[in-house]
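So the chains spell out like this:
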Amino acid sequence: MSLRDAIDNFYERLVVDAVEATRVESDTPDFLTDVVCVALNRLPTRYYRHSIDMMFYLADEELKAMKQKSLAAVKEARDFVKEHQRE
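A quick note: this is a predicted structure, and the numbers were derived from the prediction, not measured.

Some words on the pattern of salt bridges
Step number 1: Here the structure, examined in full by the defined rule, presents four salt bridges.
Step number 2: For Asp27, the salt bridge is made with Arg78, and the minimal N-O distance between the two is 3.0 Å. Here Arg78 lies in helix 4 (residues 60-83) and Asp27 lies in the loop between helix 1 (10-22) and helix 2 (29-41), a separation of 51 residues in the sequence.
Step number 3: Here Asp27 falls in the buried class, since its relative accessible area comes to 12%.
Step number 4: Relative accessible area serves as the criterion here: at 8%, Arg78 is assigned to the buried category.
Step number 5: The residue Arg42 makes a salt bridge to Glu76 at a minimum N-O spacing of 3.7 Å. Note that Arg42 is positioned in the loop between helix 2 and strand 2 (47-48) and Glu76 in helix 4, a separation of 34 residues in sequence.

Topic: helix 4
Step number 1: With 24 residues, helix 4 extends 35 Å between its outermost C-alpha atoms, agreeing within 8% with the 34 Å of an ideal straight helix rising 1.5 Å per residue.
Step number 2: The inward-facing, buried residues of helix 4 abut helix 1, helix 2 and helix 3 (51-57).

Digging into the confidence of the model for the protein chain
Step number 1: Scored by pLDDT, the protein chain comes out at a mean of 91, with 98% of its residues at no less than 70.
Step number 2: Per-element confidence in the protein chain ranges from a low mean pLDDT of 76 for helix 3 to a high of 97 for helix 2.

Some remarks on the packing of aromatic side chains
The geometry of two aromatic rings is summed up by the distance between their centres and the angle between their planes.
Step number 1: Using the criterion set out here, one finds one aromatic pair in the structure.
Step number 2: Plain terms: the ring middles of Phe10 and Tyr48 are 5.8 Å apart, the flat faces sit at 80° to each other, and that makes the pair edge-to-face. Of this pair, Phe10 sits in helix 1 while Tyr48 sits in strand 2, and the two are 38 residues apart along the sequence. Accessibility assignment for this pair places Phe10 and Tyr48 in one class, buried.

Overview of the packing of helix 2 against helix 4
Step number 1: Where helix 2 contacts helix 4, the two axes come as close as 8 Å, and the packing angle between them is 125°. Viewed along their axes, helix 2 and helix 4 adopt a mutual orientation that is oblique. Crossing of helix 2 against helix 4: the hand is right-handed. Seen from helix 2, the contacting residues are Phe31, Leu32, Asp34, Val35, Val38 and Ala39; seen from helix 4, they are Ala73, Val74, Ala77, Arg78, Phe80, Val81 and Lys82.
Step number 2: Split by residue class, the contact of helix 2 with helix 4 holds 10 nonpolar, no polar and three charged.

What counts and what doesn't
Residues numbered from 1 in each chain as written. Predicted model: local features only at pLDDT ≥ 70, side-chain atom pairs only at ≥ 80, totals over all residues. Heavy atoms only, no water. Salt bridge = Lys/Arg side-chain N within 4 Å of Asp/Glu carboxyl O. Helix = DSSP H or I, 4+ residues; strand = E, 2+ residues; numbered from the N terminus. Buried < 20%, exposed > 50% of the residue type's maximum accessible area, 1.4 Å probe, protein only. Expected span 1.5 Å × (residues − 1). Contact = heavy atoms within 4.5 Å. pLDDT = per-residue confidence, 0-100. Phe/Tyr/Trp six-rings, centres within 6.5 Å; stacked < 30°, edge-to-face > 60°. Axes fitted to C-alpha atoms, helices over the stretch in contact; angles between N-to-C directions. Parallel < 35°, antiparallel > 145°, perpendicular 65-115°, else oblique. Left-handed = near helix turned anticlockwise from the far one by under 90°. Nonpolar A, V, L, I, M, F, W, Y, C, P; charged D, E, K, R; others polar.

In structure tokens:
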């Protein structure tokens, strides 16, 4: 097993969920990938080893705040990527 496969960033999951929640029909895979990257770069990292541990030790209010931050970062990232789209 690689060390790279042993850890994850919890915000990745939250950002992908927020992207899916805000997705529109005209969104292309390239656009959405750029949105995910920009949003993640604007959020702190929250690494974990086992997802069950993360969910068990994360307080409900903290999870709610992280989801709100993720959604806000995705909305800002969508605007940023639209303004800076490659031709």
